[in-house]
Structures are given as C-alpha cells and as structure tokens.
Amino acid sequence: MKLQEPQTVLITGASSGIGSSFAQLFAQQGYQLILASRSENKLNELSQSLHERYQTKSIVIPVDLAKPDGPPILYERVKSYTGTLDVLINNAGVGSYGFLHEQNITAELEMLQLNIQSVTHLMMLVLPDMIRRRSGRILNLGSTTSFYPCPLSANYSASKSYVLSLTEAVANELSGTGVSVTALCPGGTGTSFFRTAGMDKQKVASTASLMSPEKVAQAGYDALMKGTTVVVPGKQNWLLTQAPRLFPRKMITRITRGVLEQTL
Ligand SMILES: NC(=O)c1ccc[n+]([C@@H]2O[C@H](COP(=O)([O-])OP(=O)(O)OC[C@H]3O[C@@H](n4cnc5c(N)ncnc54)[C@H](OP(=O)(O)O)[C@@H]3O)[C@@H](O)[C@H]2O)c1
C-alpha cells in the first residue's frame, strides 16, 4: 500500500548491494529518497532508474562517511532539502579480511569511522528531531558476526557487535517516544562486500549460501515497519546467532576462524 503523504528516507551506501535494494523497496512504497555514498554516478543512475519505474523523487548526496566530517556534512545537506526525515537507513559499511596485525592501519581506522562513528553520529543528529515529532524509524546494519568474535575479520566483527549493542540499548531508551531503532543482522549476502573486503566471493559462496540483497532488505524493511529491535534474515543465519548461547565462546571463536580460513 502506497503512502498517503510522501515520507522521506535517507539511505547511506545506496549505490550498491543491500542499500540499493532498500532504495527499490522505499521507492515502491512512494517515499522520497535521499541517496548517499561516495559514487555520485552510480547514485544518479539509480535515481534515474527509480524515477523511470516508480516516478520517485530522489536527491543524491555524494559523501565520504569514513571521514569524521562526513555525517554532519550529510545531515546539513539533508536539512537543506527536507524539513522532516522520517526514516534513516544506516547501511554504508565495509569489511576487511586477514590478521589484524597485517592490515593497513589507516584503512582499519577508516573502517571503524564508517562502521561505528558515522552510524552513531547520524543517529545522534536525527534523533532529537524524531523524538520531538514523536515519530521516526532508524535501521542500522549489523551482521551475524555482531553475535560472536570472528578471527580474520576481527575489527569488522567487533564493529558490528558495537552496532548491535548500540541499537539494543538505544531501542530501550526510546521506548514510549514513538521512535524505533532496528538492527538488521544478515549473514553472507551476494553483494560486492567480499570483493571490497579483499575476499574471494566464489570461495565464500562455496562455504556458505549467500542470500540475495533483495531478500535481506525486505526482511529489514518488514522489521523496521514493525519496530522490531533485532532481525536476522534466514533460519540458518538465525541459528548461527544462537550458537554463543549454547556453546563456550572460545569454541565459537575457533569454529568461526576455521570457516574464514576456508576462504583464504
Ligand atoms: N554482504 C554481506 O555479506 C553482509 C553481511 C552482513 C552485513 N553486511 C553489511 O551490509 C552493509 C551493506 O553492505 P553490502 O553487502 O551491500 O556491500 P556493498 O555492495 O559493497 O555496499 C556497500 C555500500 O557502502 C558504501 N560505502 C562504502 N564506503 C563508504 C564511505 N566511505 N562513505 C560512504 N559510503 C560508503 C558503498 O558506496 P560507495 O562505494 O559508492 O561509497 C556501497 O553503497 C554494510 O554495512 C555491511 O557491513 C553485509
């Protein structure tokens, strides 16, 4: 069912993968879109194709969210286009692969800036207004690795644990305000994520079945609209996230390392 009054959604990392699938879903529902990432050309192409299919109005904002001033620059531009932001999809994120001590320090710190700081910063910028209006929805991208340590992807999995913990705590703080926050925690998803992280997607696909970004975004969208705090798309992925409740954490850490080593 389409919206009576068009609402506005900001989607970070909309240029590909799960973010692009979110853009499709919100466009179908009649939202006005604000699409953000670094690749202006890709965002313009997406905006054009959504306009042709759904007559969607989109605004494209190129921004680097791995820079500390990325979130305030983005927020100021959003405010200059729209008085009211109804939904924030905090999706932009990258991974890395390999032993922490062998990684490039600058790239690892930029990943933390993107996966942790920018998510927190954008939430803190949009929340006061949403709370004042007693209306708003936020979705943060976690991962199944939010639930356990993951050797060979230590910094990335820790960043996603942060996102889950932040989301659960803030969801509690927001109860009764009319504003909700949801953590979407997918397992392996068929996007450019693995290539960007320096992993071989074929090898990853041979060790785990990858979900489509469309399915992942749909699960996130449904949970967001219901105000669910945590959603893990797919039964197998959900089972994985329950393992730390049943087995010692050291054992889980050894197993995740074994799985990641198969993709070396
Ligand atoms: N794929 C998986 O298996 C998987 C599993 C669990 C969780 N996730 C999470 O899902 C989210 C989306 O990833 P994806 O799988 O859809 O991967 P993807 O296709 O590589 O998309 C990543 C998005 O983030 C944007 N981005 C990267 N660096 C950025 C920066 N510095 N500033 C602004 N935007 C930036 C990219 O756009 P530009 O390059 O244009 O900037 C792109 O739109 C991430 O948070 C990821 O951690 C993915």
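Just so we're clear, the structure is a prediction, and the values are computed from it rather than from any experiment. (Residues numbered from 1 in each chain as written. Predicted model: local features only at pLDDT ≥ 70, side-chain atom pairs only at ≥ 80, totals over all residues. Heavy atoms only, no water.)

K.L.:
Help me get a handle on the pattern of salt bridges, residues and values and all.
P.N.:
Between side chains of opposite charge, pairing is possible as soon as their charged atoms come close. On inspection of all chains with the given rule, the structure shows 6 salt bridges. Between Lys79 and Asp129 there is a salt bridge; the shortest N-O distance is 3.6 Å. Within this pair, whereas Lys79 is found in helix H3 (residues 70-81), its partner Asp129 is found in helix H4 (residues 105-133), the two being separated by 50 residues in sequence. Given the relative accessible area of 32%, Lys79 is considered partly exposed. The salt bridge partner of Arg132 is Asp129, with a shortest N-O separation of 3.1 Å. Here Arg132 and its partner Asp129 are both found in helix H4, 3 residues apart, which amounts to about one turn of the helix. Because the salt bridges share partners, they merge into one network encompassing Lys79, Asp86, Asp129, Arg132 and Arg133. (Salt bridge = Lys/Arg side-chain N within 4 Å of Asp/Glu carboxyl O. Helix = DSSP H or I, 4+ residues; strand = E, 2+ residues; numbered from the N terminus. Buried < 20%, exposed > 50% of the residue type's maximum accessible area, 1.4 Å probe, protein only.)

K.L.:
Account for helix H8 (residues 213-226), with residues named and values stated.
P.N.:
Spanning 14 residues, H8 covers 20 Å between terminal C-alpha atoms, matching the ideal 20 Å at 1.5 Å per step. When we look at burial in H8, the residues that qualify are Pro213, Val216, Ala217, Ala219, Gly220, Tyr221, Ala223 and Leu224. Here the buried face of H8 lies against helix H1 (17-28), strand S4 (87-90), strand S5 (136-141), strand S6 (179-184) and strand S7 (230-231). Phi turns positive, to about 75°, at Gly227, one or two residues after H8. (Expected span 1.5 Å × (residues − 1). Contact = heavy atoms within 4.5 Å.)

K.L.:
Please give an account of the site of the ligand that cites residues and values.
P.N.:
Inspection of the region around the ligand gives 31 residues, with Ser15, Arg38, Ser39, Tyr156 and Thr191 positioned closest. The backbone of Ile18 places a nitrogen or oxygen atom 2.8 Å from an oxygen atom of the ligand. Its free accessible area being 880 Å², the ligand has 95% of it covered by the protein chains. Elements represented by at least two residues in the shell around the ligand include exactly H1, helix H5 (154-173) and helix H6 (193-196). Of the residues belonging to the shell around the ligand, the class tally is 13 nonpolar, 15 polar and 3 charged. (Near = heavy atom within 4 Å. Polar contact = N/O pair within 3.5 Å; in protein donor to acceptor, adjacent residues only side chain to side chain. Areas by Shrake-Rupley, 256 points an atom, 1.4 Å probe, with all protein chains shown as cover. Nonpolar A, V, L, I, M, F, W, Y, C, P; charged D, E, K, R; others polar.)

K.L.:
An account of the environment of Ile11 is requested, with residue identities and associated values reported.
P.N.:
By the secondary structure assignment, Ile11 is in strand S1 (residues 8-12). Considered as a pair, Ile11 and Pro72 are 61 residues apart in the sequence and their alpha carbons are 15 Å apart. The residues touching Ile11, leaving out its near neighbours within four places in the chain, are Gly19, Phe22, Ala23, Phe26, Ile34, Leu35, Ala36 and Ile89.

K.L.:
Could you give an account of the pairing of strand S3 (residues 58-62), naming the residues involved and the relevant values?
P.N.:
Look at any regular strand and the pattern is simple: side chains alternate between the two faces of the sheet. By the bridge criterion, 5 bridges tie strand S2 (residues 32-37) to S3 in an arrangement that is parallel. The partner of Ala36 across the bridge, within S3, is Ile61. In this fold, S2 hands off to helix H2 (residues 40-54), which returns the chain to S3; that crossover is right-handed. (Pairing = 2+ DSSP bridges. Right-handed = clockwise from strand over helix to strand, strands pointing away.)

K.L.:
Before we move on, can you summarise the environment of Thr12 with the specific residues and values?
P.N.:
For Thr12, the location among the structural elements is in strand S1. Accessibility expressed as a relative area gives 1% for Thr12, which makes it buried. Between the C-alpha atoms of Thr12 and Pro62, which are 50 residues apart in sequence, the distance is 9.9 Å. Once residues within four sequence positions are removed from consideration, Thr12 is found in contact with Ala36, Leu65, Leu74, Ile89, Asn90, Asn91, Ala92 and Leu122. Within polar-contact distance, the side chain of Thr12 engages the backbone nitrogen of Asn91 at 2.9 Å.

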